[in-house]
Amino acid sequence: MAVSALTSVQSLFPDTAGASAASSPGSGNFLSLIDTALRGVSDTQSAASAAESGYTVGAPGATLGHALVTSDRAEVAWNATVAVRNEVVAAYQSVMSMQF
């Protein structure tokens, strides 16, 4: 479930989806998958911040619509990241509570 959720998060970032071997769950290790997903979220948040700043200072070509869309994308990416983290923690707790 967590890997499919990470793949869903990665699909939000078309620039990084095919950039490395971590784009498909079977081809890379888990750490590189997490690293790629988190870098994508960070890049999205940076783009949103830049768009909001550009609109605030009145940069040429900066529109409110673009700032709102990039901000919404960053929020969705962050919420998906938190949801994946919660699933990974729940899975870890389930494994740790198993008795052998």
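Fair warning: this is a prediction, and the values are worked out from it, not measured in the lab.

## Describing a nonpolar patch on the surface
Piece 1. A cluster of nonpolar side chains, contributed by Y92, V95, M96, M98 and F100, occupies part of the molecular surface with about 670 Å² of accessible area.
Piece 2. Looking at the secondary structure, you find M96 in helix α3 (residues 64–96).
Piece 3. A relative accessible area of 53% means that M96 is categorised as exposed.

## Some thoughts on the environment of V76
Piece 1. You can see V76 is positioned in helix α3.
Piece 2. Residue classification places V76 among the partly exposed residues on the basis of a relative accessible area of 47%.
Piece 3. Here the alpha-carbon distance between V76 and V41, two residues 35 residues apart in the chain, equals 9.4 Å.

## Things to note about helix α2 (residues 30–57)
Piece 1. With 28 residues, α2 ought to run about 40 Å at 1.5 Å a step, and its terminal C-alpha atoms sit 41 Å apart, in line with that.
Piece 2. The complete set of buried residues in α2 reads L33, T36, A37, G40, V41, T44, A48, A51 and G54.
Piece 3. Count one or two residues on from α2 and you reach G58, which has phi positive near 80 degrees.

## A few points about the pattern of salt bridges
Opposite charge on two side chains lets them pair, provided their charged atoms get close.
Piece 1. Applying the stated criterion to the full structure yields one salt bridge.
Piece 2. Across the pair R39 and D35 runs a salt bridge, and its minimum N-O distance is 3.0 Å. One end of the pair is R39 and the other is D35, both in helix α2 and four residues apart, which spans about a single turn.
Piece 3. For R39, a relative accessible area of 52% corresponds to the exposed category.

## Quick look at α3
Piece 1. With 33 residues, α3 extends 48 Å between its outermost C-alpha atoms, agreeing within 8% with the 48 Å of an ideal straight helix rising 1.5 Å per residue.
Piece 2. Among the residues of α3, those classed as buried are A67, T70, A74, A77, T81 and V84.

## A word on the confidence of the model for the protein chain
Piece 1. Summarising the model, the protein chain shows a mean pLDDT of 82, and 72% of its residues fall at 70 or more.
Piece 2. For the protein chain, the element scoring lowest by mean pLDDT is helix α1 (residues 2–10), at 56; α3 scores highest, at 95.
Piece 3. Long-range and interchain partners of residues 16–23, a stretch whose pLDDT sits below 50, account for 12 contacts in this model, where long-range means more than four residues apart.

Cut-offs and rules
- Residue indices follow the written sequence of each chain, beginning from 1 at its first position.
- Restriction of local features to residues with pLDDT of at least 70 applies here, the model being predicted, together with a cutoff of 80 or more for giving and counting side-chain atom pairs; totals for whole chains, interfaces and linings are based on all residues.
- The side-chain numbers reported here are obtained from all heavy atoms of the structure, hydrogens and water having been left aside.
- Residues enter patches when they are more than 30% accessible in relative terms and free of salt bridges; like-charged ones are connected within 9 Å and nonpolar ones (Val, Leu, Ile, Met, Phe, Trp, Tyr) within 5 Å.
- Computed by Shrake-Rupley with a 1.4 Å probe, the accessible areas treat only the displayed protein chains as cover when residues are assessed.
- Any Lys or Arg side-chain nitrogen found within 4 Å of a carboxyl oxygen on Asp or Glu counts as a salt bridge.
- For helices the rule is a DSSP run of H or I covering at least 4 residues; for strands it is a run of E covering at least 2, with both sets numbered from the N terminus onward.
- Working definition: with a 1.4 Å probe on protein chains only, accessible area under 20% of the residue-type maximum means buried, over 50% means exposed, and in between means partly exposed.
- Expected helix span is computed as 1.5 Å times (number of residues minus one).
- A score from 0 to 100, pLDDT tells how confident the predictor is in each residue.
- By the convention used here, residues are in contact when the closest approach between their heavy atoms is within 4.5 Å.

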